[in-house]
Amino acid sequence: MLADFNFRIIFEYMPLFLNGLKSTFLISIISIILALMTGIVACSCRISGIKIIKYPAIAYIEIMRSTPLLVQIYFLYFGLPTLGLRIPEIQTGILALMLNSGAYIAEIIRAGISSVDEGQIEAGVASGLNYVQRMRFIILPQALGVTVPPLLGQAIVLVKDSALLSLISVAELTRSGQTMTSERLMPAEAFFTVAFFYICIYLCLKTFSDWSQKKLIYREAY
Amino acid sequence: MIQFKNVNKWFGKLHVLNDINLEIKKGEVLVVCGPSGSGKSTLIRCINRLEKIQEGEIIVNKNPVHKRSSNLTKLRAQIGFVFQQFHLYPHMTSLQNIMLAPVNVKNIPKSNAEKIAIEKLEQVGLSDKSDSYPAQLSGGQQQRVAIARGLAMSPEIMLFDEPTSALDPEMIGEVLDVMVNLASEGMTMCVVTHEMGFAKKVADRVLFMDEGKIIETGKPDEFFDNPKTERAADFISKILTH
């Protein structure tokens, strides 16, 4: 079986794969940064007491979490142009990943904030600190520690989800596997290579995650 | 200095504060006791509006606390609050815990705030623990840092909500000592506690609550030795038997 595995073809197609890897990498980075911003905004709206911004935020988060990412991608890619809004496929893909992950990130941040003990907030209130000061000095530093690991988990999910963009013909990593398969009919080699590169990205994020858990979480005890 | 006028408060259907009338004078040390659920914690939490009241008036230093328009930040800056569970910020050292409010609420420059913080740590006998994190301190030490944190705002009133109830017996003394010193310096204090020794030593007045009402007030010796009401006598006999 292994004798049938053609390593040479992998090297022949390496430029295509590296190109795909580069796209996946860039798309993921941009999407993660945008999703983080979206998540922070959505979470701030979600936990605010102002109804006009709270309820739209809840609606956004719930819609994103209750529909498949593929449906969201198809809606943006096929649906928006029929409504008169035409966006290139890469931007469409980034938009979909940003909106989808943004909703999950909003909930991750909210969980981190609500994990901080009520008494901490009371202590801040009692000493006269205002809302922004309590957030900045008391709540967020403590929430950060519990938020970073699931955030990096979400980043890993986003990288893997970006494979779905191949379905709207974005030339990313999975798409390069599809291209090679259709040209040479060698799906084993193609998707073995694709998987290998995803593992590489995963390991990079994982290393960063482990490092950050050591560095960023304040020490409960010594 | 603190005035309650016909104060009523409900948690849902539960009438936690039932027509409270009370005046606490400058420099007075008031001990509040009573069975659990009697509203004693709620009573002192209303003074800096950690709890809102539904009826009546609370006036602290001529500040109407019950009104929406009252300047809460300014009010709270004058009132130190010590919690049963300390609530120190776990990601900050003792010194940082104490400096946070003076620097950010009173806009005191950092170097001055640090001086004040060191001074207050000395006052509670913990000058060697300035760089320790709460998790490195014992319960008694944490509570003393929490008291120093309250004092750093140079408050006119200190409120204590069962400050020794979460402590091991051997650590209660060190916290009470700090509070006794504070009382002898003339601080206006309102303390929810069952520590009779403390009450007898420093309290000007003991207030006994049950089911949201003030049942009895009196001098500590009179109250503990000769309670006027049966409910108070019953309560005292229960905390004394063991």
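Model, not experiment: these values are computed from the prediction. Here, residues in each chain are numbered from 1, in the same order as that chain's written sequence. Numbering of ligands from 1 and lettering of chains from A proceed in the order in which they are written. Selection of residues for local features in this predicted model requires a pLDDT of at least 70, selection of side-chain atom pairs for listing and counting requires 80 or more, and totals for whole chains, interfaces and linings are taken over all residues. Hydrogens and water are ignored here; the side-chain numbers use all heavy atoms of the structure.

What is expected of a backbone is that most residues other than glycine have negative phi and most peptide bonds are trans. All names here are of chain B. The phi angle at Asn6 is positive, at roughly 45°, despite the residue not being glycine. Residue class for Asn6 comes out partly exposed when judged on its relative accessible area of 42%. Of note in the backbone geometry, Asp19 takes a positive phi value of approximately 50° without being a glycine. Elements are defined by DSSP. Helices are runs of H or I of four residues or more, strands are runs of E of two residues or more, and each kind is numbered from the N terminus. Tracing the backbone through its elements, the reader meets Asp19 in strand S2 (residues 14–24). Accessibility expressed as a relative area gives 40% for Asp19, which makes it partly exposed. Categorising residues by exposure relies on relative accessible area from a 1.4 Å probe, with only protein chains included: less than 20% of the type maximum marks a residue as buried, more than 50% marks it as exposed, and the intermediate range marks it as partly exposed.

All names here are of chain B. Any two cysteine sulfur atoms lying within 2.5 Å of each other are counted as a disulfide. Scanning all chains against the criterion turns up 0 disulfides over all chains. For Cys33, which is in no disulfide, the shortest distance to another cysteine sulfur is to Cys190 and amounts to 12 Å. The exposure class assigned to Cys33 is buried, which follows from its relative accessible area of 3%.

A word on the packing of helix H7 (residues 131–161) of chain A against helix H3 (residues 94–105) of chain B. Axis angle and axis distance: for two packed helices, these are the angle between their axes and the distance between the axes, and together they describe the pair. Lines fitted to the C-alpha atoms define the axes, with helices restricted to the stretch that makes contact. Angles between their N-to-C directions range from 0 to 180 degrees. For the pair H7 of chain A and H3 of chain B, the least separation of the axes is 12 Å and the interaxial angle reads 150°. Between H7 of chain A and H3 of chain B, the angle is such that the two are roughly antiparallel. Once H7 of chain A is placed against H3 of chain B, the crossing between them reads as right-handed. Mapping the contact onto sequence places Gln133, Phe137 and Ile138 of chain A in H7 of chain A and Leu100, Asn104 and Val105 of chain B in H3 of chain B. In this count, Pro and Cys sit with the nonpolar residues alongside Ala, Val, Leu, Ile, Met, Phe, Trp and Tyr, while Asp, Glu, Lys and Arg are called charged and the others, Gly among them, polar. Of the residues in the contact of H7 of chain A with H3 of chain B, the class split is 4 nonpolar, 2 polar and no charged. Any angle from 65 to 115 degrees is called roughly perpendicular, while one under 35 is roughly parallel, one over 145 is roughly antiparallel, and all others are oblique. By the definition used in this description, the sense in which the near helix is turned from the far one sets the handedness, with an anticlockwise turn below a right angle giving left-handed and a clockwise turn giving right-handed. By the convention used here, residues are in contact when the closest approach between their heavy atoms is within 4.5 Å.

On to the packing of aromatic side chains. Note on aromatic pairs: the rings of Phe, Tyr and Trp (six-membered ring only in Trp) are paired at centre separations within 6.5 Å, and the planes decide the class, stacked below 30 degrees, edge-to-face beyond 60, tilted for the rest. Tallying each qualifying case throughout the model produces 10 aromatic pairs over all chains. Between the aromatic rings of Phe5 of chain A and Phe192 of chain A, the centroid separation amounts to 5.3 Å while the plane-to-plane angle is 85°, which identifies the pairing as edge-to-face. Of this pair, Phe5 of chain A sits in the segment before helix H1 (7–12) while Phe192 of chain A sits in helix H9 (residues 187–216), and the two are 187 residues apart along the sequence. A residue is classified by how much of its surface remains accessible, and Phe192 of chain A, at 45% relative accessible area, is partly exposed. Aromatic side chains Phe208 of chain B and Phe235 of chain B sit 5.2 Å apart centroid to centroid with 45° between the ring planes, which places their arrangement in the tilted category. Taken as a pair, Phe208 of chain B in strand S9 (residues 205–210) and Phe235 of chain B in helix H9 (residues 230–240) lie far apart in primary sequence, 27 residues in all. Of the two residues, Phe208 of chain B and Phe235 of chain B, both sit in the buried class. Following the ring pairs from residue to residue traces out a cluster consisting of Phe208, Phe223, Phe224 and Phe235 of chain B.

With 20 residues of chain A at the interface, the matching set in chain B holds 23 residues. Two parts lose some accessible area (1.4 Å probe) when they are put together, and adding that loss for both gives the buried area. Counting the surface lost from both chain A and chain B, the interface buries some 1800 Å², and carbon and sulfur atoms represent 63% of this. For this analysis, a salt bridge means a side-chain nitrogen from Lys or Arg found within 4 Å of a carboxyl oxygen belonging to Asp or Glu. Linking Glu122 of chain A and Arg45 of chain B is a salt bridge whose minimum nitrogen-to-oxygen distance equals 2.5 Å. Definition of a polar contact: a pair of N or O atoms within 3.5 Å, with one able to donate and the other able to accept a hydrogen when the atoms are protein atoms, and with sequence-neighbouring residues admitted only if both atoms are side-chain atoms. Between the two partners, chain A and chain B, sit 4 residue pairs in polar contact (both at pLDDT 80 or more). It is helix H6 (residues 118–126) of chain A that provides the largest number of residues to the side of chain A that touches chain B, a total of 7 residues.

Residues and elements named next belong to chain B. As used in this record, nonpolar core signifies buried Ala, Val, Leu, Ile, Met, Phe, Trp, Tyr and Cys residues forming a set joined through side-chain atoms within 4.5 Å. Phe4, Ile47 and Val60 are the most contacted members of the largest nonpolar core, which totals 58 residues. Not counting residues within four places of it along the chain, the set of residues in contact with Ile47 comprises Ile2, Phe4, Val60, Val65, Leu75, Ile79, Leu159 and Cys190. In terms of nonpolar packing, the next biggest core, distinct from the first, is built from 50 residues, Met158, Met196, Val206 and Phe224 among them.

All names here are of chain B. Counting buried positions along S9 gives 5 out of 6 residues, so the element sits mostly inside the fold. As defined by bridge partners, strand S3 (residues 29–33) adjoins S9 across 4 bridges and the pair is classed as parallel. Looking across to S9, one finds that Val32 is bridged to Leu207. When DSSP finds at least two bridges between two strands, those strands are taken to pair. Sheet topology note: the S9/strand S10 (residues 213–218) ladder contains 5 bridges and is antiparallel. Within S10, the residue paired with Leu207 across the bridge is Thr217.

Time to look at the sheet that holds strand S4 (residues 55–60) of chain B. Strand pairing in a sheet takes place through backbone hydrogen bonds and is either antiparallel or parallel in direction. Residues and elements named next belong to chain B. Read from one edge of the open sheet, 4 strands run S2-S1-S4-S5, paired in antiparallel fashion. Two strands close off the open sheet at either side, each with one partner strand: S2 and strand S5 (63–64). As paired strands, S4 and S5 are joined by 2 bridges and run antiparallel to one another. Within the sheet, the bridge partner assigned to Ile59 lies in S5 and is Pro64.

Our next topic: the confidence of the model for chain B. The score called pLDDT rates the predictor's confidence residue by residue, from a low of 0 to a high of 100. On average, residues of chain B score 92 in pLDDT, and 99% of them reach the 70 mark or higher. Here the complex is predicted with pTM 0.80, and the ipTM for its interfaces comes to 0.89.

Right, let's get into the pattern of salt bridges. Considering all chains together, one arrives at 15 salt bridges over all chains under this definition. Across the pair Lys9 of chain B and Glu51 of chain B runs a salt bridge whose closest N-O atoms are separated by 4.0 Å. Of this pair, Lys9 of chain B sits in strand S1 (residues 2–11) while Glu51 of chain B sits in the loop between helix H1 (40–47) and S4, and the two are 42 residues apart along the sequence. Summarising the burial analysis for this pair, Lys9 of chain B and Glu51 of chain B share the class buried. With a closest N to O distance of 2.6 Å, Asp210 of chain B and Arg231 of chain B form a salt bridge. Taken as a pair, Asp210 of chain B in strand S9 and Arg231 of chain B in helix H9 lie far apart in primary sequence, 21 residues in all. With relative accessibility at 12%, the residue Asp210 of chain B sits in the buried group. On the accessibility criterion, Arg231 of chain B (31% relative accessible area) is partly exposed. Taken together, the shared-partner salt bridges connect Glu122 of chain A together with Lys9, Arg45 and Glu51 of chain B into one network.

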